Amino acid sequence: RSEGGLGKIIFSLVLPLFFVWILISIFMKFVPILNPFVVFSMFLGIMSSSFYNWFTEFDLFNSYAFLPIKVSTMMRSKINSYMIINIVSVAILASAALLTGQEAFFLPAFMSFLAISSYTLSITVYLVGLNPNILLYNAKIFSEYLALISPLLLVLIFLSFFPVILAFSIVLVPVSYAIIKKSYEKWDKVEQPHF
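Since the structure is predicted, the reported quantities are computational estimates derived from the model, not experimental observations.

Criteria and cut-off values
Residues numbered from 1 in each chain as written. Predicted model: local features only at pLDDT ≥ 70, side-chain atom pairs only at ≥ 80, totals over all residues. Heavy atoms only, no water. Helix = DSSP H or I, 4+ residues; strand = E, 2+ residues; numbered from the N terminus. Expected span 1.5 Å × (residues − 1). Buried < 20%, exposed > 50% of the residue type's maximum accessible area, 1.4 Å probe, protein only. Axes fitted to C-alpha atoms, helices over the stretch in contact; angles between N-to-C directions. Parallel < 35°, antiparallel > 145°, perpendicular 65-115°, else oblique. Left-handed = near helix turned anticlockwise from the far one by under 90°. Contact = heavy atoms within 4.5 Å. Nonpolar A, V, L, I, M, F, W, Y, C, P; charged D, E, K, R; others polar. Patch = residues over 30% accessible without salt bridge, like charges linked within 9 Å, V, L, I, M, F, W, Y side chains within 5 Å. Areas by Shrake-Rupley, 256 points an atom, 1.4 Å probe, with all protein chains shown as cover. Salt bridge = Lys/Arg side-chain N within 4 Å of Asp/Glu carboxyl O. Phe/Tyr/Trp six-rings, centres within 6.5 Å; stacked < 30°, edge-to-face > 60°. Core = buried A, V, L, I, M, F, W, Y, C linked by side-chain atoms within 4.5 Å. 1 Å grid on protein atoms, 1.4 Å probe; cavity = no way out; pocket = protein on both sides within 12 Å on 5 of 7 lines; lining within 4 Å. Points joined across faces, edges and corners; volume = space filled by probe spheres on them.

> When you look at helix H5 (residues 106-128) in this model, what are you seeing that I'm missing?
Given 3.6 residues per helical turn, the α-helix brings residues three or four places apart onto the same face. End to end, H5 covers 32 Å across 23 residues, agreeing with the expected 33 Å (1.5 Å per residue, within 8%). Of all 23 residues in H5, 17 are buried; the element is thus mostly enclosed.

> How should I be thinking about the packing of helix H2 (residues 36-48) against helix H7 (residues 139-159) in this particular structure?
The N-to-C vectors of H2 and H7 enclose an angle of 155 degrees; their axes lie 10 Å apart at closest approach. Accordingly, the angle class assigned to the pair H2 and H7 is roughly antiparallel. Relative to H7, H2 is oriented so that their crossing is right-handed. Side by side, H2 and H7 meet where Met42, Phe43 and Ile46 of the first sit next to Ile149, Leu153, Leu156 and Ile157 of the second. Taken together, the residues of the contact of H2 with H7 break down into seven nonpolar, no polar and no charged.

> Any chance you could explain a nonpolar patch on the surface here in plain terms?
Together, Leu15, Phe18, Phe19, Ile22, Leu23 and Ile26 line one region of the surface with nonpolar side chains, adding up to about 570 Å² of accessible area. Here Leu15 is to be found in helix H1 (residues 5-28). Take Leu15: its relative accessible area is 36%, and that puts it in the partly exposed class.

> Help me understand the packing of aromatic side chains, please; the structure alone is not making it clear to me.
Where two aromatic rings form a pair, the distance of their centres and the angle of their planes describe that pair. Tallied over the full model, the rule gives six aromatic pairs. Ring geometry for Phe106 versus Phe110: centroids 5.7 Å apart, planes at 15 degrees, classification stacked. Of this pair, Phe106 and Phe110 are both found in helix H5, four residues apart, which corresponds to roughly one turn of the helix. Take Phe110: its relative accessible area is 21%, and that puts it in the partly exposed class.

> When you look at the nonpolar core in this model, what are you seeing that I'm missing?
It is characteristic of soluble globular proteins that their nonpolar side chains tend to be buried jointly. In terms of nonpolar packing, the biggest core is built from 50 residues, with Met42, Tyr52 and Met75 touching the most fellow members. When contributions to this core are tallied by element, the ones reaching two or more residues are H1, H2, helix H3 (50-56), helix H4 (71-100), H5, H7 and helix H9 (172-189). With residues near it in sequence (within four places) discarded, Tyr52 still touches Met75, Lys78, Ile79, Tyr82, Leu121, Thr124, Val125, Gly129, Leu130 and Pro132.

> Teacher, can you tell me more about the layout of surface pockets here?
Gaps left between atoms show up when a probe the size of a water molecule is rolled over them. In this structure, the largest pocket occupies an estimated 400 Å³ of space. Together, 19 residues line the largest pocket, and Ile79, Met83, Ser118, Leu121 and Ile180 are the ones closest to its centre. Broken down by secondary-structure element, the contributors of at least two residues to the lining of the largest pocket are H4, H5 and H9. Among the elements that line the lining of the largest pocket, the one with the most residues is H4, at seven residues. Computed from the structure, the second largest pocket encloses a volume of approximately 230 Å³. What lines the second largest pocket is a set of 13 residues, and nearest its centre among them are Ile46, Met47, Ser49, Tyr145 and Ile149. Residue assignment for the lining of the second largest pocket shows that the elements contributing at least two residues are H2, H3 and H7. If you tally residues by element for the lining of the second largest pocket, the top one is H7, at five residues.

The structure is reproduced here in structure tokens:
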């Protein structure tokens, strides 16, 4: 439904991640105490949140308004699809661990990936509902998005000095779940825009 298939995954996720890996590797020469693999896992979590944008790109709620469903029902289906396709991101993370010999850091990297991925998704869903491809271009909403994600990302990057402590970032998953539940309540009360 969201076009592109494998090509979209390659050009919208894998290629940008390759460039992110190169940039992180260059940056790590100046800050050698950071683990590039663990930092990469965080950026992978943020970039994986674009899957939700893909799933909502061509499906407007207005097309389903005549059916006895709520906005939250449609959001749940998009989030479920997001969780399934995130297997691609986990495969990329596992491949990066094997290719770089960072298997020992896979668990904290995986935990931070899950934490960032779920938190970024929950903030996206809360702020823009089913319309991320339109509403994230609103300067106010995008500023809120950055303000809610950037400080946390900086803290987690700092915690990557201590990968064992970073594994506790998994506590963001239940926090994200609570935000998503609030999102359902919020968007069920809001009339969906017509674009």
